Amino acid sequence: MPVEITWWGHATCTVEDSGVRLLTDPLFARRLAHLRRRRGAPPPPEAAEADVVLVSHLHADHLHLPSLARLASGTRLLVPRGARRAVPGLARVAAVCGLPVTEVVPGEEVGVRAGVRVRVVSARHDGRRLPFGPRLAPALGYVVQGSARTYFAGDTGLFEAMAEEVGPVDVALLPVGGWGPYLGPGHLDPAGAARALAELAPAAAVPVHYGTYWPIGLDAVRPHEFHSPGEEFVRLARQLAPKVTVRVPGHGERVRLP
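Since the model is a prediction, treat every value here as computed from it, not as a measurement.

This brings us to the overall build of the chain. Assigned secondary structure in the chain consists of 7 helices and 17 strands. A compact globule built from 258 residues would reach a C-alpha radius of gyration of about 18 Å, and the chain, at 17 Å, matches this within 12%. In terms of overall dimensions, the chain has C-alpha extents of about 50 × 45 × 35 Å along its principal axes. Contacts in the chain between residues far apart in sequence, at least 24 positions, make up 68% of those at least 6 positions apart. Just so you have it, the chain exposes about 10500 Å², and 53% of that area is on carbon and sulfur atoms. In the chain, the 29 positive side-chain charges and the 24 negative ones have mean positions that sit 4 Å from each other.

Next up, the structure:
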């Protein structure tokens, strides 16, 4: 049975596998601090429908409390260990909205239902709550294991043991950009994502984490970093991983893979 991926923008995707809906890093806002959504309408209410939410790290564009508050009661959250201590508002939102929270670390596996499990893997990224948060929680990636094996990388730089730790996967959701003119350490640009793709060697891949949010007032500063990462990733993937099928959905578009 193929897996279906809906990209809602930034790092927010719905992964549908074996009747289970998993939602990654939900961010439904038109604006977040100095960032505004420049492409794609805010996701519709059905985007918040999920059995499990996978939170990769504590940055506000990945652990966004107002977006979590839109989830239905009973939706399970998987978050990095230490998240409730580092972000006290998480415990409040979870209590008010009835969201069970499970804190996880790399190497753990969590059963969902209907034969679907989630395996937690490492990421190379500063995952603390910024700008002043202590380093209390790791940044994570997740591998959804159902009828397919789908890797959600979260935010990460390329690291030596990535392919070994992630293991064989059928689909890879890889970040290829960001939300500003420059990427700091701990991120994948299109070239880095294409190298990761060559090492992971999935059957299919979807670029994420680009072309959605941008700082207010910086529209004219290195605009190619907003517009081109998806297409650049496709071009480089053809060179470095020609056997991988790369799909580039628009905002709100669903694709079936592999």
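Let us keep going from here.
A positive phi is found at Ser-18, a non-glycine position, where the angle reads about 55°. Summarising the element assignment, Ser-18 is placed in the loop between strand E2 (12–17) and strand E3 (20–24). The exposure class assigned to Ser-18 is partly exposed, which follows from its relative accessible area of 25%.

In terms of nonpolar packing, the biggest core is built from 52 residues, with Tyr-142 and Tyr-151 touching the most fellow members. If you tally residues by element for this core, the top one is helix H5 (residues 190–200), at 5 residues. Core analysis: the second largest hydrophobic core is formed by 25 residues, Val-55, Val-79, Cys-97 and Val-101 among them.

With mixed pairing, 7 strands are arranged side by side in an open sheet as E8-E7-E6-E3-E2-E1-E17. Here the strands that pair on one side only, and so sit at the sheet edges, are strand E8 (101–104) and strand E17 (253–257). Adjacent strand axes in the sheet meet at a mean angle of 25°, parallel and antiparallel pairs treated alike. The sheet contact formed by strand E6 (residues 52–54) and strand E7 (residues 76–80) spans 3 bridges and is parallel. When the sheet's bridge partners are listed, Val-52 is paired in E7 with Arg-76.

The next subject is the environment of Val-176. When you line up the elements, Val-176 lands in the loop between strand E13 (171–175) and H5. On the basis of relative accessible area, Val-176 is assigned to the buried category, the value being 0%. For the pair formed by Val-176 and Val-112, sequence separation is 64 residues and the distance between their alpha carbons is 28 Å. Not counting chain neighbours up to four residues away, the residues in contact with Val-176 comprise Leu-188, Asp-189, Pro-190, Ala-193, Pro-207, Val-208, His-209, Tyr-210, Pro-229, Gly-230 and Phe-233.

Time to look at the pairing of strand E12 (residues 149–152). Inspection of the sheet shows strand E11 (residues 140–145) paired to E12 by 4 bridges, in the antiparallel sense. Bridge pairing links Val-144 to Thr-150 in E12. What sits between E11 and E12 in their antiparallel hairpin is a turn of 3 residues. For E12 and E13, the ladder comprises 3 bridges, and the chain directions are parallel. Across the sheet, the residue bridging to Tyr-151 is Ala-172, located in E13.

Pairs may arise between side chains of opposite charge once their charged atoms sit close together. Scanning all chains against the criterion turns up 13 salt bridges. Here Glu-4 ties to Arg-256 by a salt bridge, and the two come within 2.8 Å at their closest N and O atoms. Note that Glu-4 is positioned in strand E1 (residues 3–9) and Arg-256 in strand E17, a separation of 252 residues in sequence. Exposure remark for Arg-256: the relative accessible area of 53% places this residue in the exposed category. Between Arg-117 and Glu-109 there is a salt bridge; the shortest N-O distance is 2.9 Å. On the basis of relative accessible area, Arg-117 is assigned to the partly exposed category, the value being 36%. Through salt bridges with shared partners, a single ionic network connects Glu-4, Glu-16, Arg-21, Arg-254 and Arg-256.

Time to look at the side chain of His-125. Along the chain, His-125 falls in the loop between strand E10 (116–122) and E11. A polar contact of 3.5 Å, which involves the side chain of His-125, links it to the side chain of His-57. At 3.4 Å, the side chain of His-125 and the side chain of His-59 are in polar contact.

Moving on to the sheet that holds strand E9 (residues 109–113). Pairing between sheet strands relies on hydrogen bonds along the backbone, with the strands arranged either parallel or antiparallel. In space, the 7 strands of this open sheet follow the order E9-E10-E11-E12-E13-E14-E16, with mixed pairing throughout. Here the strands that pair on one side only, and so sit at the sheet edges, are E9 and strand E16 (245–246). The sheet contact formed by E10 and E11 spans 6 bridges and is antiparallel. Note that in E11 the partner of Val-120 across the bridge is Tyr-142. Where H5 meets the sheet, its contacts fall on E12, E13, strand E14 (204–208) and E16, and the angle it forms with E13 comes to roughly 160°.

Calculation rules
- Residues numbered from 1 in each chain as written.
- Predicted model: local features only at pLDDT ≥ 70, side-chain atom pairs only at ≥ 80, totals over all residues.
- Heavy atoms only, no water.
- Helix = DSSP H or I, 4+ residues; strand = E, 2+ residues; numbered from the N terminus.
- Rg over C-alpha atoms; globule rule 2.2 N^0.38 Å.
- Contact = heavy atoms within 4.5 Å.
- Areas by Shrake-Rupley, 256 points an atom, 1.4 Å probe, with all protein chains shown as cover.
- Lys, Arg positive; Asp, Glu negative; His and termini not counted.
- Charge placed at Lys NZ, Arg CZ, Asp CG, Glu CD.
- Buried < 20%, exposed > 50% of the residue type's maximum accessible area, 1.4 Å probe, protein only.
- Core = buried A, V, L, I, M, F, W, Y, C linked by side-chain atoms within 4.5 Å.
- Pairing = 2+ DSSP bridges.
- Axes fitted to C-alpha atoms, helices over the stretch in contact; angles between N-to-C directions.
- Salt bridge = Lys/Arg side-chain N within 4 Å of Asp/Glu carboxyl O.
- Polar contact = N/O pair within 3.5 Å; in protein donor to acceptor, adjacent residues only side chain to side chain.

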